[in-house]
Amino acid sequence: MTESTFIHTQQELEQFIELQEHERQWFAQAPADALPFMASRYYASLIDRDDPSDPIRAQIVPRLEECSRRTGETED
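Starting from 1, residues in each chain are numbered consecutively following that chain's sequence as written. With pLDDT at 70 or above as the cut-off, local features in this predicted model cover only qualifying residues; side-chain atom pairs require 80 or more to be listed or tallied, and sums for whole chains, interfaces and linings still use all residues. With hydrogens and water set aside, each side-chain value is computed from the structure's full complement of heavy atoms.

S.K.: Any chance you could break down the overall build of the protein for me, citing the residues and the numbers?
M.R.: A run of H or I in DSSP counts as a helix once it spans at least four residues, and a run of E counts as a strand once it spans at least two, with each numbered from the N terminus. Helix and strand counts for the protein stand at four helices and two strands. Helices and strands appear in the protein in the N-to-C order β-α-α-β-α-α. Its C-alpha atoms give the protein principal-axis dimensions of about 40 × 30 × 20 Å. Counting only residues that meet the buried cut, the protein has 26% of its 76 residues in that class. Partitioning the contacts of the protein with sequence separation of at least 6, the portion at a separation of at least 24 is 63%. Computed by Shrake-Rupley with a 1.4 Å probe, the accessible areas treat only the displayed protein chains as cover when residues are assessed. Summing over all exposed atoms, the protein offers an accessible surface of approximately 5800 Å²; the carbon and sulfur share of this is 49%. Lys and Arg are tallied as positive, Asp and Glu as negative. Neither His nor the chain termini are counted. Here the site of a charge means atom NZ of a Lys, CZ of an Arg, CG of an Asp or CD of a Glu. Each charge class in the protein can be summarised by its mean position, and for the 7 positive and 16 negative side chains these summaries are 1 Å apart. Burial status follows relative accessibility: with a 1.4 Å probe on protein chains alone, a residue under 20% of its type maximum counts as buried, one over 50% as exposed, and anything between as partly exposed. Whether two residues touch is decided by their heavy atoms; if any such pair falls within 4.5 Å, the residues are in contact.

This is the structure we're talking about:
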């Protein structure tokens, strides 16, 4: 059996980086209609593990705030 090219779970992501508490919230509290998490293992390997402000990290790690819809936004 080969390892998947993609990361789908919090546990898999934490093999690459240590998540901060606010980052773990999405995995624990995301609404049922939230898009599923998926990131390539290669892209996750590019994250600077020692930089919580790493721009690649910001692109990969979902935030709970992204689940809220604001006035004027459409459901897509």
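S.K.: Describe in detail the pattern of salt bridges, supporting the description with residues and values.
M.R.: In what follows, salt bridge is the name for a side-chain nitrogen of Lys or Arg lying within 4 Å of a carboxyl oxygen of Asp or Glu. If you walk through the whole model with that rule in mind, you get five salt bridges. Across the pair glutamate 21 and arginine 24 runs a salt bridge whose closest N-O atoms are separated by 3.6 Å. One end of the pair is glutamate 21 and the other is arginine 24, both in helix α2 (residues 21-29) and three residues apart, which spans about a single turn.

S.K.: Could you give me a rundown of a nonpolar patch on the surface, with the residues and numbers involved?
M.R.: Among the surface-exposed residues, Tyr42, Tyr43 and Leu46 lie close enough to one another that they form a single nonpolar patch of about 310 Å² accessible area. Its location among the elements puts leucine 46 in the loop between α3 (41-45) and α4 (55-60). Each patch groups residues whose relative accessible area exceeds 30% and which form no salt bridge, using 9 Å between like charges and 5 Å between nonpolar side chains of Val, Leu, Ile, Met, Phe, Trp and Tyr.

S.K.: Run through the side chain of glutamine 10, naming residues and quoting values.
M.R.: Within the element layout of this structure, glutamine 10 appears in helix α1 (residues 10-13). With sequence-adjacent residues up to four places away left out, glutamine 10 is seen in contact with Leu19, Arg24 and Phe27.

S.K.: Any chance you could break down the packing of aromatic side chains for me, citing the residues and the numbers?
M.R.: The rule is short: rings of Phe, Tyr and Trp, with Trp giving its six-membered ring, pair when the centres are within 6.5 Å, and they are stacked under 30 degrees, edge-to-face over 60, tilted in between. All chains considered together, the criterion is met by three aromatic pairs. When the ring of tryptophan 26 is compared with that of phenylalanine 27, the centres are 5.1 Å apart and the planes differ by 90 degrees; the resulting orientation is edge-to-face. A relative accessible area of 10% means that tryptophan 26 is categorised as buried. On the basis of relative accessible area, phenylalanine 27 is assigned to the partly exposed category, the value being 21%.

S.K.: Kindly report on the environment of threonine 74, identifying the contributing residues and their values.
M.R.: Within the element layout of this structure, threonine 74 appears in the segment after α4. What makes threonine 74 exposed here is its relative accessible area of 60%. Linking threonine 74 and tyrosine 42, residues 32 residues apart in sequence, is a C-alpha distance of 32 Å.

This is a description of form; function is not addressed.
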